[in-house]
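Here are the chains, one letter per residue:
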2 protein chains.
Amino acid sequence: MLKVGRLADYGVLILHHLGRMRPARLAMDSIAEITHLPLPTVRKVMKYLVDAELVISKRGPNGGYQLARPPAQVSLAEAIAAVEGPLTLTECCAARSTCEIHDRCDLADRWPGVNAIVVKVLERTSLADLDRFGRHEPHVPPPLRELMAPIRHL
Amino acid sequence: MLKVGRLADYGVLILHHLGRMRPARLAMDSIAEITHLPLPTVRKVMKYLVDAELVISKRGPNGGYQLARPPAQVSLAEAIAAVEGPLTLTECCAARSTCEIHDRCDLADRWPGVNAIVVKVLERTSLADLDRFGRHEPHVPPPLRELMAPIRHL
DNA sequence: AAATTGTATACCTGGTTAGTATTGAATGCG
DNA sequence: CGCATTCAATACTAACCAGGTATACAATTT
Ligand code: SF4
Ligand code: SF4
């Protein structure tokens, strides 16, 4: 578990492809095609990405979407947050916690610390970095190399 | 988002309290009381924790639950996994991916790398470490101190 | 045997997520 | 101008699953 929603996952995938094409524009149809995602779903995701200003849209003939910034300057954290909202491991990590127990819970002020670290990792991983990961011999991208140093043994 | 399920959250909370009491035993009623969780919910969670061998149970009068190991030797990753199963950010991080697109998706072999790093962070944070986190001036526990060194500025 | 305490199973149900359909608005072109 | 192209906005539906509950059972101690 510890899931990232499907739509957010799709968002990252789309951004990845837009990054590969940049600075060219891609129409929604094309995006649906190269990502193998159903077109109506792409529509929904694009709205989030535009609202978050991660992509720039242009209408009319020869319109489409374009990644707003170079892939190296778009973090996974931003991408996920664009679709799913603020990254919060637990309820009490949110700005306004809605947890019933909150004031009586010992951990209410502990989780945010853990959350911060996890988010930090995601903030330090850009779309460009993502390209360098591989399943079997995972390449650790430069921004994370220092972070990983003590645990390189796996 | 990037949520940890509520039940897993409860699991950690329960383990935290068991840790504080160790090596004393705590009956389910008592656990429900000090955690402020509904008793039937506690029942369900305990089953997971016992199955994962994180806690030891004893029946009969003066029975209850006991943390199997010192808090410093129980990681958040274990705790969460005990309740929710393997930690997988996306479908393609699981042992058997069920994602429709998987073989045609550019990122199918990239996510596992990211996943590994996040999991590593959670593996390096123990219940004991958790006690040292605070909301406003979060204390970084020793095992993570090295990891955090480059990003201490927040 | 009786009291205490955990175990197992089965069920319900509300909310969220993923996915779809429809209609509308902006842009560019000839 | 008016038409083709393309994105925007809204509203809806369906499926699923996490969270929560109830009940009956088994083990241990005294
Ligand atoms: S307050 Fe306690 S119970 Fe509520 S979300 Fe935070 S940790 Fe979980
Ligand atoms: S394969 Fe591609 S789409 Fe399927 S889960 Fe992994 S990343 Fe998301």
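Look up a bit, the structure's there.
Since this is a predicted model, take the numbers as computed values, not measurements.

## Here we look at the nonpolar core
Within the largest apolar cluster, 95 residues are counted, with the highest numbers of intra-cluster contacts made by Met46, Leu49 and Trp111 of chain A together with Met46, Leu49 and Trp111 of chain B. Dropping the residues within four chain positions of it, Leu49 of chain A is found in contact with Gly11, Ile14, Leu15, Leu54, Val55, Ala82 and Val83 of chain A.

## A look at helix 1 (residues 6-21) of chain A
Helix length check: helix 1 of chain A, at 16 residues, gives a terminal C-alpha distance of 23 Å against a target of 22 Å (1.5 Å per residue), a fit within 8%. Every buried residue of helix 1 of chain A is listed here: Ala8, Asp9, Tyr10, Gly11, Val12, Leu13, Ile14, Leu15, His16, His17, Leu18 and Gly19 of chain A.

## Considering the protein's contact with DNA strand C
Inspection of the region around DNA strand C gives 27 residues, with Arg6 and Lys44 of chain A together with Met1, Ser57 and Tyr65 of chain B positioned closest. Near-protein atoms of DNA strand C (within 4 Å) split between backbone and bases, with sugar and phosphate holding 76%. Between Met28 of chain B and DNA strand C, the recorded distance is 2.9 Å, taken from a backbone N or O atom to a phosphate oxygen. Of all the secondary-structure elements, those providing two or more residues to the surface near DNA strand C are helix 1 and helix 3 (39-51) of chain A together with helix 3 (39-51), strand 1 (55-58) and strand 2 (64-67) of chain B. Split into classes, the residues belonging to the surface near DNA strand C amount to eleven nonpolar, eight polar and eight charged.

## Considering the interface of chain B and chain A
Counting residues at the interface gives 60 residues for chain B and 60 residues for chain A. If you look at where chain B meets chain A, you find two salt bridges. Among the ionic pairs, Arg110 of chain B bridges to Asp131 of chain A, the shortest N-O distance being 3.5 Å. Inspection of the chain B/chain A interface yields six residue pairs in polar contact (both at pLDDT 80 or more). Those elements that provide at least two residues to the side of chain B that touches chain A are helix 1 (6-21), helix 4 (76-84), helix 5 (111-123) and helix 7 (142-148) of chain B. Examining the composition of the side of chain B that touches chain A, we find that nine residues originate from one element, helix 5 of chain B, more than from any other. Looking at the side of chain B that touches chain A residue by residue, the classes come out as 33 nonpolar, eleven polar and 16 charged.

Conventions we followed
Residues numbered from 1 in each chain as written. Chains lettered and ligands numbered in written order. Predicted model: local features only at pLDDT ≥ 70, side-chain atom pairs only at ≥ 80, totals over all residues. Heavy atoms only, no water. Core = buried A, V, L, I, M, F, W, Y, C linked by side-chain atoms within 4.5 Å. Buried < 20%, exposed > 50% of the residue type's maximum accessible area, 1.4 Å probe, protein only. Contact = heavy atoms within 4.5 Å. Helix = DSSP H or I, 4+ residues; strand = E, 2+ residues; numbered from the N terminus. Expected span 1.5 Å × (residues − 1). Near = heavy atom within 4 Å. Polar contact = N/O pair within 3.5 Å; in protein donor to acceptor, adjacent residues only side chain to side chain. Nonpolar A, V, L, I, M, F, W, Y, C, P; charged D, E, K, R; others polar. Salt bridge = Lys/Arg side-chain N within 4 Å of Asp/Glu carboxyl O.

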